[in-house]
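Structural overview for review
Chain by chain, the residues run as shown.
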Amino acid sequence: MLDKFLDYLQFEKRYSPHTITSYKKDLEDFSYFYLKTESSEDISKADKKVIRNFIVELSENNIARRSINRKLSSLRSFYLYLLKIGEINVSPTESISSLKFYPEKQIPMSKEEMQVLNDNIFGQVNDRLEKCIMEVLYQTGIRKAELCGMMFESVNLSGNELKIIGKGNKERYIPISEDLSILLKSYLDIRMPQDEYKSYFFVNKKGKKLNEKFVYVVVNKYLSLITTKEKRSPHILRHSFATHVLDNGAEISKVKKILGHSSLASTQVYTNANIEQLKKVFNQAHPRASKKEEL
């Protein structure tokens, strides 16, 4: 049944491979728990009590509440699928609420830190692949999974544009600078993909598709050279991109489109745009906003 559900996510819902892998991991974790506690592999028979016990065990093992909620969300989707195909009549997750948590504040890199990286660090870097990884993430705000899955045919260097396949297989186009195009062209001089990975733009030194762990290690390495901030991940580069372009006066609706968000609220939260900047955007752009009064 799990395989059928994963096929449903892939072929009907058209979820990305990364998202499907996350669902698979969450459901396998629950399947192991169910086998351990109920001596059965048929998780379609699970009840609310088992789901709650699973959440309790995760909490006792100090799993972050955000991660627990993601696993619960995966279970909800699985049992909704079973309802849809008539395998069950009631979902065991129906009356189980997500855990409350306070999101950890994401502190982006400052413009000054990123300038130090560009002026002092990259000038001494000979690894074009690693430099490309850092620059593409920071200059476009794409996710690490999107970078790893970027197709060769989707990179238009003559037109300074990238086509990105995001969540739900949604396409979006992102403009890039002339300098970034030049950097990517220089990477093509050393790009040597194995035949089965030729369709991917970025490949590692063995000619294989980049994996997300490698991208994380690269980003963490370079950000460690310019900051003492605790969070030094690809997500922080995405966060930094959005914060910096908003601070420079970019329209939040356009930033939303570039980031691939489905709602404006997601962009506001994700970029942690300060209220003064949002007020400025409103007062400058909204036809009913007073030009003389602040919000």
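Definitions and cut-offs
- Residues numbered from 1 in each chain as written.
- Predicted model: local features only at pLDDT ≥ 70, side-chain atom pairs only at ≥ 80, totals over all residues.
- Heavy atoms only, no water.
- Helix = DSSP H or I, 4+ residues; strand = E, 2+ residues; numbered from the N terminus.
- Buried < 20%, exposed > 50% of the residue type's maximum accessible area, 1.4 Å probe, protein only.
- Contact = heavy atoms within 4.5 Å.
- Pairing = 2+ DSSP bridges.
- 1 Å grid on protein atoms, 1.4 Å probe; cavity = no way out; pocket = protein on both sides within 12 Å on 5 of 7 lines; lining within 4 Å.
- Points joined across faces, edges and corners; volume = space filled by probe spheres on them.
- Nonpolar A, V, L, I, M, F, W, Y, C, P; charged D, E, K, R; others polar.
- Axes fitted to C-alpha atoms, helices over the stretch in contact; angles between N-to-C directions.
- Parallel < 35°, antiparallel > 145°, perpendicular 65-115°, else oblique.
- Left-handed = near helix turned anticlockwise from the far one by under 90°.
- Core = buried A, V, L, I, M, F, W, Y, C linked by side-chain atoms within 4.5 Å.
- Phe/Tyr/Trp six-rings, centres within 6.5 Å; stacked < 30°, edge-to-face > 60°.

1. Digging into the overall build of the protein chain
When you go through the protein chain residue by residue, the secondary structure sums to 13 helices and three strands. Classification of the 295 residues of the protein chain by burial places 39% in the buried group. Taking the contacts inside the protein chain whose residues are at least 6 apart along the sequence as the reference set, 57% of them involve residues at least 24 apart.

2. Quick word on the pairing of strand S2 (residues 161-165)
Side chains Leu 162 and Ile 164 project from S2 onto a buried face, and the interleaved Glu 161, Lys 163 and Ile 165 project onto a face without burial. Strand direction decides the pairing type here: strand S1 (residues 155-156) and S2, joined by two bridges, are antiparallel. The residue of S2 that forms the bridge with Asn 156 is Glu 161. Between the antiparallel neighbours S1 and S2 lie four residues, among them Asn 160 with a positive phi of about 50 degrees. Sheet topology note: the S2/strand S3 (residues 171-175) ladder contains five bridges and is antiparallel. Among the inter-strand pairings, Glu 161 is bridged to a residue of S3, identified as Pro 175. Hairpin remark: S2 followed by S3, antiparallel, with five residues in the connecting loop; positive phi at Gly 168, about 70 degrees.

3. Concerning the layout of surface pockets
In this structure, the second largest pocket occupies an estimated 180 Å³ of space. Sorting the residues of the lining of the second largest pocket by element identifies helix H6 (128-140) and helix H8 (178-188) as the ones contributing at least two each. A per-class count over the lining of the second largest pocket returns three nonpolar, three polar and three charged.

4. Points about the sheet that holds S3
One open sheet accounts for three strands, arranged S1-S2-S3; its pairing is antiparallel. Edge strands, defined here as strands with exactly one partner in the open sheet, are S1 and S3.

5. Re the packing of helix H10 (residues 234-247) against helix H11 (residues 252-259)
H11 packs onto H10 with a crossing angle of 160 degrees between their chain directions and a minimal axis gap of 10 Å. The pairing of H10 with H11 is recorded here as roughly antiparallel in orientation. The element H10 and its partner H11 pack so that their crossing is right-handed. Side by side, H10 and H11 meet where Arg 238, Phe 241, Ala 242, Val 245 and Leu 246 of the first sit next to Ile 252, Val 255, Ile 258 and Leu 259 of the second.

6. A closer look at unusual backbone geometry
In this structure, Ser 39 is a non-glycine residue whose phi angle is positive, near 55 degrees. Its place among the elements puts Ser 39 in the loop between helix H2 (17-38) and helix H3 (48-60). The backbone of Asn 62 sits at a positive phi, close to 65 degrees, despite the residue not being glycine. Along the chain, the position of Asn 62 falls in the loop between H3 and helix H4 (65-84).

7. A short note on the nonpolar core
Ranked by size, the top nonpolar core spans 39 residues in total, and within it Ile 133, Met 134, Leu 147, Leu 184 and Phe 202 carry the most contacts. Secondary-structure elements contributing two or more residues to this core are helix H5 (111-121), H6, helix H7 (144-148), S2, H8, helix H9 (212-224) and H10. The biggest single contributor to this core is H6, with seven residues. Beyond its immediate sequence surroundings of up to four residues, Phe 202 is in contact with Leu 129, Cys 132, Val 136, Leu 147, Met 150, Leu 184, Tyr 187, Lys 208, Lys 209 and Leu 210. Among the nonpolar cores identified, the runner-up in size contains 26 residues, and Tyr 8, Phe 30, Tyr 34 and Ile 96 belong to it.

8. With respect to the packing of aromatic side chains
Within the structure shown, the criterion is met by 15 aromatic pairs. Arranged with centres 4.9 Å apart and planes meeting at 35 degrees, the rings of Tyr 8 and Tyr 81 form a pair that is tilted. One end of the pair, Tyr 8, is in helix H1 (residues 2-12); the other, Tyr 81, is in helix H4, with 73 residues separating them in the sequence. For the pair shown, Tyr 8 and Tyr 81 are each scored as buried. A centroid spacing of 5.6 Å and a plane angle of 45 degrees characterise the contact between Tyr 187 and Phe 201, whose relative ring orientation is tilted. In this pair, Tyr 187 is assigned in helix H8 and Phe 201 in the loop between H8 and H9, connecting sequence segments 14 residues apart. Through a chain of ring-to-ring contacts, the aromatic side chains of Phe 5, Tyr 8, Tyr 15, Tyr 23, Phe 78, Tyr 79 and Tyr 81 assemble into a single cluster.

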